[in-house]
Amino acid sequence: MRKTTRYPVEGANSLWHVYKTVPFWKVVKNFMIIQLARYTPFLGMKNWLYRTFLRMKVGEQTSFALMVMLDVMFPEKISVGRNTVIGYNTTILAHEYLIKEYRLGEVVIGDEVMIGANSIIMPGVTIGNGAIISAGTLVHKDVPPGCFVGGNPMRIIYTKEQLAERWADDPIYRNKERSLDFDS
């Protein structure tokens, strides 16, 4: 189950109430920063923009690929660990506006996570350290540390233990001691 806080609305659907939930000028500023960062090829500059102007927590050496779309209304609810890769055109949401309610939830992405291109991360999701998200995945629930997941709906393809077994003979990943605790 995703960890979101639910806010009921009356009358028109919740999107009609948007500027009662988030200031208009905050959305304008966030939109401009996100659009600038989406197109810049400089990874360090993207991380600086996100930390400085969007109040996001972004770990060292984290890479946001071209066209990543962050939540324009609540980017401060997104945190990304160190040395993580977020693939091309991925969307990370911290809110969702529905007919009778809107929901807000923190998105926590761990250290050394790989998120494939065109994935969608829903609000209230935690992605554990060392997880791998296949391209085009709808991440609608928590991802355990070290797992390989994919699909729509998302499912576990390989557990941490199955991945270790598959990589036992791989020249890059075999016996690789990572300074990462996949159990946290």
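Overview of the structure.

Calculation criteria
- Residues numbered from 1 in each chain as written.
- Predicted model: local features only at pLDDT ≥ 70, side-chain atom pairs only at ≥ 80, totals over all residues.
- Heavy atoms only, no water.
- Helix = DSSP H or I, 4+ residues; strand = E, 2+ residues; numbered from the N terminus.
- Rg over C-alpha atoms; globule rule 2.2 N^0.38 Å.
- Buried < 20%, exposed > 50% of the residue type's maximum accessible area, 1.4 Å probe, protein only.
- Contact = heavy atoms within 4.5 Å.
- Areas by Shrake-Rupley, 256 points an atom, 1.4 Å probe, with all protein chains shown as cover.
- Arc of directions from axis to C-beta.
- Expected span 1.5 Å × (residues − 1).
- Polar contact = N/O pair within 3.5 Å; in protein donor to acceptor, adjacent residues only side chain to side chain.

Looking only at helices and strands, one finds four helices and 17 strands in the protein. Relative to its length of 184 residues, the protein is compact, with a C-alpha radius of gyration of 17 Å against a globular reference of 16 Å. Viewed in the frame of its principal axes, the protein has a C-alpha envelope of about 60 × 35 × 25 Å. Buried residues in the protein amount to 47% of all 184 residues. Counted over contacts in the protein with a minimum sequence separation of 6, partners at least 24 positions apart contribute 39%. Counting every atom, the protein has about 10,000 Å² of accessible surface; 59% of that belongs to carbon and sulfur.

Before going further, it helps to spend a moment on unusual backbone geometry. With omega at 5 degrees, the peptide bond leading from Asn152 into Pro153 counts as cis. Relative to the helices and strands, Pro153 is located in the loop between β16 (148-150) and β17 (155-158). In this model, Gln61 sits at a positive phi of 60 degrees, which is unusual for a non-glycine residue. If you trace the backbone, Gln61 turns up in the loop between β2 (57-58) and β3 (63-64). A positive phi angle, near 50 degrees, is found at Glu112, a position not held by glycine.

Let us look at the environment of Phe148. Along the chain, Phe148 turns up in strand β16. Residues Phe148 and Glu96, spaced 52 residues apart in sequence, show a C-alpha to C-alpha distance of 26 Å. Excluding anything up to four places from it in sequence, Phe148 contacts Ile132, Ser134, Arg155, Ile156, Ile157, Tyr158 and Leu163.

Moving on, we get to helix α3 (residues 43-53). All of the buried residues in α3 are Lys46, Asn47, Leu49 and Tyr50. The buried side chains of α3 occupy one side of the element, clustering within an arc of 160 degrees when seen end-on. For α3, the secondary structure elements touched by its buried residues are α2 (24-39), β2, β3 and β4 (69-70). Once α3 finishes, Arg55 follows within two positions and takes phi at roughly 60 degrees, a positive value.

Its 16 residues give α2 an end-to-end C-alpha distance of 23 Å, which sits within 8% of 22 Å, the value for a rise of 1.5 Å per residue. Residues of α2 that are buried include every one of Lys26, Val27, Asn30, Ile33, Ile34, Gln35, Ala37 and Arg38, and no others. Check the buried side of α2 and you find it contacts α1 (18-21), α3 and β4.

With that out of the way, let us pick up the side chain of Thr21. Mapped onto the elements, Thr21 comes out in helix α1. Taking relative accessible area as the criterion, Thr21 reaches 19% and is therefore assigned buried. A polar contact is formed between the side chain of Thr21 and the side chain of Tyr97, at a distance of 2.7 Å. Sequence-distant contacts of Thr21, defined by excluding residues within four places in its chain, comprise Phe74, Tyr97 and Tyr102.

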